[in-house]
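Results of the structural survey
One-letter residues, chain by chain:
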Amino acid sequence: MLAVFKRELFSFLNSLMAYITIGIFLLACGLMFWFFPDTSILEYGYAEMDGFFGLVPYLFMFLISAITMRSFAEERKEGTYVLLATRPLTNLQIISAKYLACLVLVLFALLPTLIYCYSISQLGLPKGNLDTGAIIGSYIGLFLLGSAFTAIGVFASSFTKNQVIAFAISVFLCFFAYSGFDSISKISAFQSFESQLANLGIAEHYQSISRGVLDTRDVVYFISFVALFFGLTHLVIGGRKW
C-alpha cells in the first residue's frame, strides 16, 4: 500500500497539473475572501470566517474532482491496472492507497488558507478577536467534507477511462450529496420528511460541525459515507474486466 500511495502522490506532485489545480483553488479562495464585494471580509466588516467556510465546499467540488479524476481512469486508459492487480494487494488496499494519496493533496491545498486566520486575527479590534472554537470546528468539518468528496471522486474515476467524464460525474455527485437532499426536502410533497431528508445530505452535518460543536453523530455520518463509497468503488473494481 505504501508503494502505491507514494506512486500516486508523487506522480501527481511531479505534474504541472497539481500546481495549476491547487493554485486556481487558492486564487479563487483569495479573490472571494478579500476582493469580490459580495463575499469580501473587508466589506463584511466582522472578524469571522463564516463566509469563507460557506464558499469552500463549492470550490472543493471542483478541486477534489480534478485531483481524483485520474485515480482509476488513467489506469484504465494506459492499461496499467492489470500490473497493479498482480501485486500482493487486495482491491480494498489499492483503493485505500489511492484515496489517501488524494486526501493528502487536498490537505496540501487547504493548509495555505490557515494564513487567513492570522490575517483576520490581526485585522480584528481588538487584535486576536476570533471565535477560535468555531474556526477549529470549521476546519475539522472541511477535512471531513474533503474526505467524503474524495471518496466520491475515487468512485467516479473507477467508472471510466476518460478523465473528463470522471470529473463531470464527480462534480455532479458531490453537488447532489452536499445540497441535493436539502433541496429535495424543501419540495412541498416531501415536507413531512424534511428533517430526515436534510439529514441525509452532507451540508446539514458540515454546518453542524462548523458551529464548533463536534457531535459524534456527525463524525459517524462522515465515516459511514466514506465507507459506503469505498464499498461501491470495490464493487465496480471487483466486477471490472480490465
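Here's what I pulled together on the structure shown here. Predicted, not measured: the structure shown is a model, and the values here were computed from it.

Moving on: the overall build of the protein chain. Per the secondary structure count, the protein chain includes 13 helices and zero strands. The long-range fraction of contacts in the protein chain, counting pairs at least 24 apart against all pairs at least 6 apart in sequence, stands at 76%. Per element, the accessible surface of the protein chain, about 12,400 Å² overall, is 68% carbon and sulfur.

For the rest of this paragraph, the subject is the layout of surface pockets. The calculated volume of the largest pocket comes to roughly 250 Å³. Lining the largest pocket are 16 residues, with Met49, Asp50, Phe53, Ser138 and Ser210 sitting closest to its centre. Here the lining of the largest pocket is built from residues that sort into eight nonpolar, four polar and four charged. Lining of the second largest pocket is provided by Met17, Ile20, Thr21, Ile24, Phe25, Ala28, Leu59, Phe62, Leu63, Ala66 and Phe167. At the level of secondary structure, the elements contributing two or more residues to the lining of the second largest pocket comprise α2 (16-35) and α4 (50-68). Residue contributions to the lining of the second largest pocket peak at six residues, all from α2. For the lining of the second largest pocket, the residue count by class is ten nonpolar, one polar and no charged.

A word on the pattern of salt bridges. Across all of its chains, the model carries three salt bridges by this definition. Residues Glu8 and Arg7 are paired through a salt bridge, measuring 3.3 Å at the closest nitrogen-oxygen approach. Close ionic contact of Arg217 with Asp215 constitutes a salt bridge, the shortest N to O distance being 2.7 Å. It is possible to trace a salt-bridge network through shared partners that takes in Arg7, Glu8 and Lys98.

Time to look at the nonpolar core. Met49, Phe52, Phe60, Tyr139, Leu142, Phe149 and Ile202 are the most contacted members of the largest nonpolar core, which totals 62 residues. Ranked by residue count, the leading element in this core is helix α9 (residues 132-157), at eleven residues. When sequence neighbours within four positions are dropped, the list of residues in contact with Ile202 reads Leu145, Ala148, Phe149, Ala177, Tyr178, Tyr221, Phe222 and Phe225.

It is worth spelling out the side chain of Thr160 at this point. Of note, Thr160 is situated in the loop between α9 and α10 (163-185). A relative accessible area of 13% places Thr160 in the buried class. With sequence-adjacent residues up to four places away left out, Thr160 is seen in contact with Ala73, Arg76, Ile165 and Ala166.

Conventions we followed
Residues numbered from 1 in each chain as written. Predicted model: local features only at pLDDT ≥ 70, side-chain atom pairs only at ≥ 80, totals over all residues. Heavy atoms only, no water. Helix = DSSP H or I, 4+ residues; strand = E, 2+ residues; numbered from the N terminus. Contact = heavy atoms within 4.5 Å. Areas by Shrake-Rupley, 256 points an atom, 1.4 Å probe, with all protein chains shown as cover. 1 Å grid on protein atoms, 1.4 Å probe; cavity = no way out; pocket = protein on both sides within 12 Å on 5 of 7 lines; lining within 4 Å. Points joined across faces, edges and corners; volume = space filled by probe spheres on them. Nonpolar A, V, L, I, M, F, W, Y, C, P; charged D, E, K, R; others polar. Salt bridge = Lys/Arg side-chain N within 4 Å of Asp/Glu carboxyl O. Core = buried A, V, L, I, M, F, W, Y, C linked by side-chain atoms within 4.5 Å. Buried < 20%, exposed > 50% of the residue type's maximum accessible area, 1.4 Å probe, protein only.

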